[in-house]
Structures are given as structure tokens and as C-alpha cells.
Amino acid sequence: MPTHLITGAGSGIGAAVTRRLLERGDDLVLLARDAGRAKEFADRYPGARTLVGDLSNPDRLSWAFGQQPMPERVDTLLHIAGVVELGAVGELTPKSWHFQLNANLIAPAEITRLVIPQLRAAQGHVLFVNSGAGLAAHAGWSAYAASKHGLKALADSLRHEEHGNGVRVTSVYPGRTASPMQAKVHQQEGKEYDAARWIDPESVATTILMAIDLPRDAEVNDLTVRPGR
């Protein structure tokens, strides 16, 4: 069975993807921020393995991974975790910038670096769940959009660098998706949250599985998903 390393398995799109892959019998390694979260994942997703590493502190990921058994091969690395904190440029502090850049950009780059040997061995696939904000920035979204624009650059560079090694790279750009993150965004915007207005995480999971299940003769580079209502 293929081995998938997944960040963001706790909720939203990540949880939907994790359930779908688990149901079909694939081998899962779920990144958890701490031991408590790892135990929660073990109880919630029977049969899945866990790997502890805090995305908010990417400088420590190499040390953390070095203390734990790592998968010998990684067929798919799914970067789905993300954080958001809205605010005008004139109001955002360095702490807010570091919070979003660390989790949304630097940690995915570091995790990819750390498992590149396993991805090359498997001629695997790296999939980044980006955002519509990774293609266009709007008022109040500067730090988040910057992290996601950077994530697009990371994916594009990685694709060129690893093509000769047989590693495929995909970026998925979902529009607003019903999730705890979206509820937080609405709270920050001062708007009422209605999950029925936005994309179901299962729909985004379907597009992600399509991309990673594509036969080896083809590669999805960029995939945009927008609310259909």
C-alpha cells in the first residue's frame, strides 16, 4: 500500500482526506503537534502511525524527526495544515507574520527537505493545499496571502528541481471551505458563519485524491476549486 505523510489531519480538508485514505486501506503517517495530539489521532484513526512535530517551530522539526522512526518511503506528502490571522498591514505585528509564515510556508519547506530522500525513493508526489489567497491578495489578508504566495513559489521551484527524480508536485487552491478555520475567519471579519454557503471539505478531498491517483503519465500542476453555489 502507498504511504502518505499528512499534515492537518485534525479537521477540515485534512480530516476528510485522512478518512478517505484510511478507508481504502492506505498506510498513513499523521503529523501531530505534540504527544497529546498524537494520541488523539491514534484513537481517531486506527491503524495510522503518528509523527510529532510542531509546525509553529520549524527550526526544531529536524531534531524532532531525528528522535522518531521515520517511514522508509513516502509516496505522497500532503501539506494540508494551515493557520490564518487577519489584519491590516499597519496593524500586524512581527509575531503575527512569524505565526503564519512559519506554519504555512517555512514548515512545509522544512518537512519536504527532511523527507526528500523517501520521496525520491518512491518517485512520490508532494501536494500543497494552498488557497485562493495564494493567487490574489486582498485588504486584511497580507500576511496570510504572503505565506500562500510563497507556498506557490516553493511548489513551482520544487517541481522543476525534482522532475528528473520522478517526483510530482501539485498545488491545490481551494476557495472558502466549510471548516473551523473558516469559522475563525468569519469571526475575525465580524460576519455570521454559515457552513452551507461554502465548499464541503469532502469535495476538496475528492479533487486531491484525483490528483494523487492520476496515472504516472500525467501530472496536475495547479488545481483551483471554487464554491459552486
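Residues numbered from 1 in each chain as written. Predicted model: local features only at pLDDT ≥ 70, side-chain atom pairs only at ≥ 80, totals over all residues. Heavy atoms only, no water.

Caption draft 1: The arrangement of helix α2 (residues 35–44) in detail. Every buried residue of α2 is accounted for by Arg37, Ala38 and Phe41. Seen end-on, α2 carries its buried residues on one side only, within an arc spanning 105 degrees. Along α2, the residues that are exposed and aim more than 90 degrees away from the buried face are Ala35, Gly36, Lys39 and Asp43. Measuring from the side-chain oxygen of the N-cap residue of α2 to the backbone nitrogen of Gly36 gives 3.2 Å; that N-cap residue is Asp34. (Buried < 20%, exposed > 50% of the residue type's maximum accessible area, 1.4 Å probe, protein only. Helix = DSSP H or I, 4+ residues; strand = E, 2+ residues; numbered from the N terminus. Arc of directions from axis to C-beta. Polar contact = N/O pair within 3.5 Å; in protein donor to acceptor, adjacent residues only side chain to side chain.)

Caption draft 2: A look at the packing of aromatic side chains. Under the defined criterion, the tally for this structure stands at two aromatic pairs. On the numbers, 6.1 Å between centres and 55 degrees between planes, the contact of Phe41 with Tyr45 is tilted. The residues Phe41 and Tyr45 share a single accessibility class, namely buried. Their ring planes at 65 degrees and their centres at 5.7 Å tell us that Trp141 and Tyr144 sit as a pair that is edge-to-face. (Phe/Tyr/Trp six-rings, centres within 6.5 Å; stacked < 30°, edge-to-face > 60°.)

Caption draft 3: Up close: the pairing of strand β4 (residues 76–79). Here β4 shows a buried face lined by Thr76 and Leu78 and a second buried face lined by Leu77 and His79. Taken together, β4, helix α4 (residues 94–122) and strand β5 (residues 125–129) form a β-α-β motif whose crossover is right-handed. (Right-handed = clockwise from strand over helix to strand, strands pointing away.)

Caption draft 4: Focus on the side chain of Asn104. The residue Asn104 is located in helix α4 in this model. In terms of polar contacts, Asn104 uses its side chain to reach the backbone carbonyl oxygen of Val83, at 2.9 Å. Here Asn104 is in contact with Gly82, Val83, Tyr144, Ser147, Lys148 and Leu151, once residues within four sequence places are set aside. (Contact = heavy atoms within 4.5 Å.)

Caption draft 5: Broad picture of the sheet that holds strand β2 (residues 27–32). Reading across from one edge, β3-β2-β1-β4-β5-β6-β7 is the order of the seven strands in this open sheet, with parallel pairing throughout. Bordering the open sheet on either side are β3 (49–52) and β7 (222–225), each of which pairs with just one other strand. Here the average twist between neighbouring strands, direction ignored, is 20 degrees. Relative to β4, strand β1 (residues 3–7) runs parallel, the two being bridged by four bridges. Each residue of the ladder has a partner; that of Ile6, found in β4, is Leu78. (Pairing = 2+ DSSP bridges. Axes fitted to C-alpha atoms, helices over the stretch in contact; angles between N-to-C directions.)

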